[in-house]
Amino acid sequence: MLILRQSTILDIIPLSPRYISSHELMVKLNQFGFDISTRMLQRDLQSLYEQGCFGLEKDTRSKPYGWSINAQWRGGNTKVMSTEVAEHYLLLEQLLPQSVPSDVKRSVLTKAEQALKRFNGHVPDWLATLPKPSLKVNIDTQLVAQIEHVIKHKRAVSAELYRVLYDEAHWLKFAELSFYNIVEQGGVLMAQFMVGSLHDKCYQMPVYRIRNVHILQKTRREPSTEQLKSLRSAINKGMSQEAIELIVKVPRHSAVNQGFIELGELTDKQQIDDKNVLLTYQTIDAEQLTDELFKCAHWLEVIKPEKLRQRITTKLKAAATIYK
């Protein structure tokens, strides 16, 4: 919202010698749907002014200050974009993170298209040589660091684990967990641990299904030979499950797109129209995943992989046959 708000502010401010006061500017912003305080607007204006790359000028001869855009900044015509402004928009397009709201992204992309026309379709050399941002998986690095810390120092923790019980997903609080290792399996980061102080079985779970880790003033449990064997069995069982790239089409306002339902490690998000987005995950092809996708099948569409899509289709046909 900050990018969109400040972009709107710059669009409203007139070219000099005309000017606008902060009060008049706030009235116009309210008409555009921005409900902000006077102090917030003042901070925005001062920030844009101090950056010195938007042609913003402040008339301090009287209060309230008058704000304007240098007439030379846009070549005396608001429809003409200067070379410097065009470079800024092209750079902003390259640095724009996937997580920004779609309306902000559309606004920036529109400006970037105008900027590209300013250079006759050729990106400036210094922009073309910038390294492309690498793919970043949606992993909580602080959480990973916590788990690595407790493994190293042999400390027990409390945490919440994402579990499905009776076809419903819940974050369940566990009073004591003992983490032993973190491994990468098919591109998914997995944590290995034991539960409580008495339970013998060892488990393996994707890190993205763990949250709210708190280190306890207690030494973790040390596994026996049999328990280590159980852990190896759990790992081997987990390795037999195939790691897949899952692509789903969901409504913009769905619980999946808002992050309330997690299907794996989110690696990409693409706006495909005003109502829908494509989400890409790295995840494990397990029965639990199939069941979770089937529950959402009346509004979620599996695009890839095809075999998982067919599995959901088969379930839907069977359900339709029962409810004829």
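Check the entry above for the structure.
Below is a summary of the structure that appears in this document.

## Brief notes about unusual backbone geometry
It is generally the case that most residues other than glycine have a negative phi and that most peptide bonds are trans.
Next up, step 1: For the peptide bond that leads from Lys-304 to Pro-305, omega is 5°, which places it in the cis range.
Next up, step 2: Of note, Pro-305 is situated in the loop between β12 (301-304) and α10 (306-322).
Next up, step 3: At Lys-154, a position not held by glycine, the phi torsion is positive, near 55°.
Next up, step 4: Here Lys-154 falls in the partly exposed class, since its relative accessible area comes to 41%.

## Side note on the sheet that holds strand β2 (residues 56-59)
Next up, step 1: Taken together, three strands build an open sheet; the order of strands is β1-β3-β2 and the sheet is antiparallel. Two strands in the sheet have a free side with no partner beyond their single neighbour: β1 (20-21) and β2.
Next up, step 2: Of the strand pairs in this sheet, β2 and strand β3 (residues 66-69) are connected by four bridges, and their pairing is antiparallel. Paired with Glu-57 across the strands is Ser-68, a residue of β3.

## Let's talk about the packing of aromatic side chains
Next up, step 1: Within this structure, the stated rule accounts for three aromatic pairs.
Next up, step 2: Their ring planes at 65° and their centres at 5.6 Å tell us that Phe-179 and Phe-193 sit as a pair that is edge-to-face. You can see Phe-179 sitting in strand β5 (residues 168-185) and its partner Phe-193 sitting in strand β6 (residues 188-195), a full 14 residues away along the chain.
Next up, step 3: For Phe-193, a relative accessible area of 2% translates into the label buried.
Next up, step 4: Between Phe-193 and Tyr-203 the ring centres are 6.0 Å apart and the planes differ by 25°, which places this aromatic pair in the stacked class. Of the two residues, Phe-193 is situated in strand β6 and Tyr-203 in strand β7 (residues 202-206); the sequence distance between them amounts to ten residues.
Next up, step 5: Between the NZ or CZ atom of Lys-315 and the centre of the ring of Phe-294, over which it lies, the distance is 5.5 Å.

## Section: the nonpolar core
Most often, soluble globular proteins have nonpolar side chains that are buried together.
Next up, step 1: Counting 19 residues, the largest nonpolar core has Ile-147, Leu-161, Leu-177, Phe-179, Phe-193 and Ile-210 as the members making the most contacts within it.
Next up, step 2: Listing elements by their share of this core, those giving two or more residues are α7 (141-153), β4 (155-165), β5, β6 and β8 (210-219).
Next up, step 3: The leading source of residues in this core is α7, at five residues.
Next up, step 4: Setting aside residues no more than four positions away along its own chain, Ile-147 makes contact with Phe-179, Ile-182 and Ile-210.
Next up, step 5: Membership of the second largest hydrophobic core comes to 18 residues, among which are Ile-20, Leu-29, Phe-34 and Trp-67.

## What to know about the pairing of β3
Next up, step 1: On β3, burial covers both faces: Gly-66 and Ser-68 on one face and Trp-67 and Ile-69 on the other are all buried.
Next up, step 2: Bridge analysis of β1 against β3 gives two bridges, and the strand direction is antiparallel. If you follow Ser-21 over to β3, its bridge partner there is Gly-66.

## Quick look at the environment of Thr-110
Next up, step 1: Mapping Thr-110 onto the fold places it in helix α5 (residues 102-118).
Next up, step 2: Judged by its relative accessible area of 42%, Thr-110 falls in the partly exposed class.
Next up, step 3: For the pair Thr-110 and Glu-93, spaced 17 residues apart in the sequence, the C-alpha separation amounts to 9.7 Å.

Rules used throughout
Residues numbered from 1 in each chain as written. Predicted model: local features only at pLDDT ≥ 70, side-chain atom pairs only at ≥ 80, totals over all residues. Heavy atoms only, no water. Helix = DSSP H or I, 4+ residues; strand = E, 2+ residues; numbered from the N terminus. Buried < 20%, exposed > 50% of the residue type's maximum accessible area, 1.4 Å probe, protein only. Pairing = 2+ DSSP bridges. Phe/Tyr/Trp six-rings, centres within 6.5 Å; stacked < 30°, edge-to-face > 60°. Lys NZ or Arg CZ within 6 Å of the ring centre and 35° of its normal. Core = buried A, V, L, I, M, F, W, Y, C linked by side-chain atoms within 4.5 Å. Contact = heavy atoms within 4.5 Å.

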